[in-house]
2 protein chains.
Amino acid sequence: MKSLANLFADIPEQSSQELFSTLLDHPHCRIERIVSYGQSSPDEFWYNQTWDEWVLLLQGSSELNVEGQMVKLVPGDHLLIKSGQKHRVTHTDQNQPTVWLAIHFNEPAKC
Amino acid sequence: MKSLANLFADIPEQSSQELFSTLLDHPHCRIERIVSYGQSSPDEFWYNQTWDEWVLLLQGSSELNVEGQMVKLVPGDHLLIKSGQKHRVTHTDQNQPTVWLAIHFNEPAKC
């Protein structure tokens, strides 16, 4: 019987920092687990990426600001954040770890 | 407030067939939700794909046969099935819907 990696393993109950783990680094996409402990983006900080990112919230809750539009996420909610769409995390759950799956779409290979 | 798609929405309690839904069709990868209701692959049937696939089990349970190796999955378990790795589903949960997330890595563009 093959033993498997589990997305919900090794999640500390508390952490002063968000935890980022690469689950799979594939030439096309990087699959990442993010665990947040009530953290949010620093004031005035915006993510502004040169690649598309798809996020799926799996546990906890959060709120994003995507180009001024507030987006509240509960488990199962997913959205695509397009390259160049400025976004920030305005809130994550204060009472439990918030677990995200993020798919970062690598830029196409230059031919 | 933006309304979001939810992976756990629209899951019937019962279905005589597995349900396949594309959540995102991106040039690099296709993200799919699969819901199984106790189904398994037909006898002697093997998937044999020309692309890599990453699967994450989110609800229920299942067992795969990957090239003769049995792999039991519980929620959070994930694995990469490489292109050309023959595999079949030998078991899915009889008591509840089994929910999978599958990332199908598209073949690289021909340059």
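Residues numbered from 1 in each chain as written. Chains lettered and ligands numbered in written order. Predicted model: local features only at pLDDT ≥ 70, side-chain atom pairs only at ≥ 80, totals over all residues. Heavy atoms only, no water.

Draft legend 1. Here's a closer look at the packing of aromatic side chains. Residue and element names in this part refer to chain A. In the structure shown here, the tally under the stated rule is two aromatic pairs over all chains. Taking the centre distance of 5.0 Å and the plane angle of 85 degrees together, the rings of Phe 45 and Tyr 47 count as edge-to-face. One cation-aromatic arrangement involves Arg 88 over Trp 46; the distance from NZ or CZ to the ring centre is 5.9 Å. (Phe/Tyr/Trp six-rings, centres within 6.5 Å; stacked < 30°, edge-to-face > 60°. Lys NZ or Arg CZ within 6 Å of the ring centre and 35° of its normal.)

Draft legend 2. The arrangement of the state of the cysteines in detail. Inspection of the entire model under this criterion finds one disulfide over all chains. Disulfide pairing places A:Cys29 opposite B:Cys29 at an S-S distance of 2.2 Å. For the disulfide bridge between A:Cys29 and B:Cys29, the dihedral angle about the S-S bond is near 80 degrees, and by the sign convention the bridge is right-handed. Taken together, the positions of A:Cys29 in strand S3 (residues 29–36) and B:Cys29 in strand S3 (residues 29–36) put the pair across two chains. By relative accessible area, A:Cys29 is classed as buried at 0%. (Disulfide = S-S within 2.5 Å. Helix = DSSP H or I, 4+ residues; strand = E, 2+ residues; numbered from the N terminus. Buried < 20%, exposed > 50% of the residue type's maximum accessible area, 1.4 Å probe, protein only.)

Draft legend 3. Spatial organisation of the relation of the copies chain A and chain B. Each copy of the sequence occupies a distinct position, and chain A is placed on chain B by a rotation of 180 degrees and an axial shift of 0.0 Å, giving an RMSD of 0.0 Å. On this basis, the relationship between the two copies can be described by a two-fold rotation axis. Of the interface residues in chain A, 100% have counterparts in chain B that sit at the interface too, so the contact is made through matching surfaces. (Least-squares fit on C-alpha atoms with pLDDT ≥ 70 in both. Contact = heavy atoms within 4.5 Å.)

Draft legend 4. Structural context of the nonpolar core. Formed by 22 residues in total, the largest nonpolar core has its most connected members in A:Leu101, A:Ile103, B:Leu101 and B:Ile103. Looking at this core, the elements with two or more residues in it are S3, strand S4 (53–59) and strand S9 (98–105) of chain A together with S3, strand S4 (53–59) and strand S9 (98–105) of chain B. (Core = buried A, V, L, I, M, F, W, Y, C linked by side-chain atoms within 4.5 Å.)

Draft legend 5. Looking closely at the sheet that holds strand S1 (residues 5–6) of chain A. Taken in spatial order, the six strands make up an open sheet running S1(A)-S7(B)-S4(B)-S9(B)-S3(B)-S2(B), and their pairing is antiparallel. Strands with a single pairing partner mark the edges of an open sheet, and in this sheet they are S1 of chain A together with strand S2 (19–25) of chain B. (Pairing = 2+ DSSP bridges.)

Draft legend 6. Expanded view of the pairing of S3(B). Residue and element names in this part refer to chain B. A large share of S3 lies buried, amounting to seven of its eight residues. Pairing analysis gives six bridges linking S2 to S3, with the strands arranged antiparallel. Opposite Asp 25, over in S3, you have Arg 30 as the bridge partner. Between S2 and S3, which follow one another and run antiparallel, lie three residues. Across eight bridges, the pairing between S3 and S9 is antiparallel. Within the sheet, the bridge partner assigned to Arg 33 lies in S9 and is Leu 101.

Draft legend 7. Just the sheet that holds strand S6 (residues 69–73) of chain B, in detail. Residues and elements named next belong to chain B. Taken in spatial order, the three strands line up as S6-S5-S8 in an open sheet, and their pairing is antiparallel. The two strands at the open ends of the sheet, each matched to only one other strand, are S6 and strand S8 (87–92). Across the sheet, the mean angle separating the axes of adjacent strands is 25 degrees when strand polarity is ignored. With five bridges joining them, strand S5 (residues 62–66) and S6 adopt antiparallel strand pairing. Residue pairing across strands places Asn 65 opposite Met 70, the latter belonging to S6. (Axes fitted to C-alpha atoms, helices over the stretch in contact; angles between N-to-C directions.)

The values reported here are purely geometric and, on their own, carry no functional implication.
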